Amino acid sequence: MTPLFQYEDDREASSAAKVRALEALLIEKGVIGSDSVDAVLQHFETVAGPFNGAKIVARAWVDPAFKQRLVEDTPKAIAELDLPAGMAGAEGEHMAAVANGDGVHNLIICTLCSCYPWPVLGLPPYWYKDPVFRARGVREPRAVLREFGVDVPTETEVKVWDSSAQIRWFVVPERPANTEHLGEQELAALVTPESMMGVALVASPAAT
Ligand code: FE
């Protein structure tokens, strides 16, 4: 992916160092327990994450009636699936799905801060919170998408959805070609978080 914005090369390392220092201080002051951070991390590795969104998208691909229900009443449709509890938990209230296709490409952003549907997508990447991304995403979504490697044809409409405390969007990307033979689990494995944010397409599986 072409980097949209300029960050220091040691951004990951310096962020990790800051987090470690902050965690140590909070534990020392008795604000959190020694296993608090691990518990949160485990939650986002096993309960809330893009693996849930991928299952939802795969179901929508194989079941058009489910896809219809999903865009009409997202929480109700999600409740049909066997997903971990917590779909209505933090940042899970009022999630709404929008489907790519039929001449429309959807992009989700949060212009105000970083609202994101945690239960289905996990935690947002750092650039999602970047003021430049948030501003350019609404002003020139096609240019931003091009920088992500998504060339949206001029005849395709680009819709930008602004997540907020009231509603948190995610995208049902288009099913790629050459996947007719794949089952739901294999389809889910193709779905990336970026594709459910609208900044990537789902690639066809490599021809074997
Ligand atoms: Fe926000």
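Procedures and definitions
Residues numbered from 1 in each chain as written. Predicted model: local features only at pLDDT ≥ 70, side-chain atom pairs only at ≥ 80, totals over all residues. Heavy atoms only, no water. Buried < 20%, exposed > 50% of the residue type's maximum accessible area, 1.4 Å probe, protein only. Helix = DSSP H or I, 4+ residues; strand = E, 2+ residues; numbered from the N terminus. Contact = heavy atoms within 4.5 Å. Polar contact = N/O pair within 3.5 Å; in protein donor to acceptor, adjacent residues only side chain to side chain. Donors = N, O, S within 2.8 Å, 3.2 Å for Na, K, Ca; no water. Pairing = 2+ DSSP bridges. Domains from an automatic or database assignment. Buried area = accessible area lost by both parts, 1.4 Å probe. Phe/Tyr/Trp six-rings, centres within 6.5 Å; stacked < 30°, edge-to-face > 60°. 1 Å grid on protein atoms, 1.4 Å probe; cavity = no way out; pocket = protein on both sides within 12 Å on 5 of 7 lines; lining within 4 Å. Points joined across faces, edges and corners; volume = space filled by probe spheres on them. Nonpolar A, V, L, I, M, F, W, Y, C, P; charged D, E, K, R; others polar. Salt bridge = Lys/Arg side-chain N within 4 Å of Asp/Glu carboxyl O.

**Some thoughts on helix α7 (residues 131-139)**
Then comes step 1: Turning to α7, its buried residues number three or more, namely Phe133, Arg134, Arg136 and Gly137.
Then comes step 2: Contact partners of the buried residues in α7: β2 (104-109), α8 (141-147) and β3 (157-162).
Then comes step 3: By the N-cap criterion, in which a side-chain oxygen at the helix start approaches the backbone nitrogen of a residue two or three places on, α7 is capped by aspartate 130, the distance to valine 132 being 2.7 Å.

**As for the coordination of the iron ion**
Then comes step 1: Within the first shell, the iron ion binds the protein through Cys110 (SG), Cys113 (SG), Cys115 (N) and Cys115 (SG), at distances of 2.1 to 2.6 Å.
Then comes step 2: Along the chain, the residues donating to the iron ion fall in the pattern C-x2-C-x1-C.
Then comes step 3: In this structure cysteine 110 comes out as buried when scored by relative accessible area, which is 0%.
Then comes step 4: Among the residues examined, cysteine 115 registers a relative accessible area of 10% and is labelled buried.

**Side note on the pairing of strand β4 (residues 168-172)**
Then comes step 1: With five of its five residues buried, β4 lies for the most part within the structure.
Then comes step 2: Alternating positions in β4 separate into two faces, Arg168, Phe170 and Val172 on one and Trp169 and Val171 on the other, with burial throughout.
Then comes step 3: As paired strands, strand β1 (residues 95-99) and β4 are joined by five bridges and run parallel to one another. Within the sheet, the bridge partner assigned to methionine 95 lies in β4 and is arginine 168.

**Some remarks on the domain arrangement of the chain**
Accessible area lost upon the coming together of the parts is a frequently used measure of interface size.
Then comes step 1: Domain annotation of the chain identifies domain 1 (9-46) and domain 2 (49-207).
Then comes step 2: Placing a centre on the C-alpha atoms of domain 1 and another on those of domain 2 gives a separation of 28 Å.
Then comes step 3: Counting residues at the interface gives five residues for domain 1, matched by seven residues for domain 2.
Then comes step 4: Of the roughly 460 Å² buried between domain 1 and domain 2, counting both surfaces, carbon and sulfur atoms make up 70%.
Then comes step 5: Looking at the side of domain 1 facing domain 2, the largest losses of area belong to Arg11, Phe44 and Thr46, adding up to 88% of the total buried there.

**Looking at the packing of aromatic side chains**
Then comes step 1: Considering all chains together, one arrives at seven aromatic pairs under this definition.
Then comes step 2: With centroids separated by 5.6 Å and ring planes inclined at 80 degrees, the aromatic side chains of phenylalanine 44 and tryptophan 118 adopt a geometry described as edge-to-face. Separated by 74 residues along the polypeptide, phenylalanine 44 in helix α2 (residues 36-46) and tryptophan 118 in helix α6 (residues 118-121) bring together distant segments of the chain.
Then comes step 3: On the accessibility criterion, phenylalanine 44 (19% relative accessible area) is buried.
Then comes step 4: Relative accessible area serves as the criterion here: at 24%, tryptophan 118 is assigned to the partly exposed category.
Then comes step 5: Measuring from centroid to centroid gives 5.1 Å for tryptophan 127 and phenylalanine 133, while their planes differ by 75 degrees, and the two rings are edge-to-face. Neither residue differs from the other here; tryptophan 127 and phenylalanine 133 are each classed as buried.

**Topic: the layout of surface pockets**
The gaps of empty space that remain are located by a probe, the size of a water molecule, rolled over the atoms.
Then comes step 1: In this structure, the largest pocket occupies an estimated 730 Å³ of space.
Then comes step 2: Around the largest pocket, the lining is made up of 17 residues, and of these Val19, Leu41, Leu123, Pro124 and Lys129 lie nearest the centre.
Then comes step 3: Contributing elements (two or more residues each) for the lining of the largest pocket: α1 (11-28) and α2.
Then comes step 4: Broken down by class, the residue content of the lining of the largest pocket amounts to 11 nonpolar, three polar and three charged.
Then comes step 5: The two domains that each donate at least three residues to the lining of the largest pocket are domain 1 (9-46) and domain 2 (49-207).

**Quick notes on the side chain of arginine 11**
Then comes step 1: The residue arginine 11 is located in helix α1 in this model.
Then comes step 2: For arginine 11, the side chain forms a polar contact with the side chain of glutamate 12, separated by 2.6 Å.

**Here's the deal with the pattern of salt bridges**
Then comes step 1: The final tally for this structure, using the stated rule, is five salt bridges.
Then comes step 2: Note that glutamate 184 and arginine 59 form a salt bridge whose closest N and O atoms lie 2.7 Å from each other. On the criterion of sequence distance, the pair formed by glutamate 184 in helix α9 (residues 184-190) and arginine 59 in helix α3 (residues 50-62) is long-range, its members being 125 residues apart.
Then comes step 3: Judged by relative accessible area, glutamate 184 falls into the partly exposed class, the value being 31%.
Then comes step 4: Here arginine 59 falls in the partly exposed class, since its relative accessible area comes to 27%.
Then comes step 5: Arginine 136 is paired through a salt bridge with glutamate 147; the nearest N and O atoms lie 2.6 Å apart.

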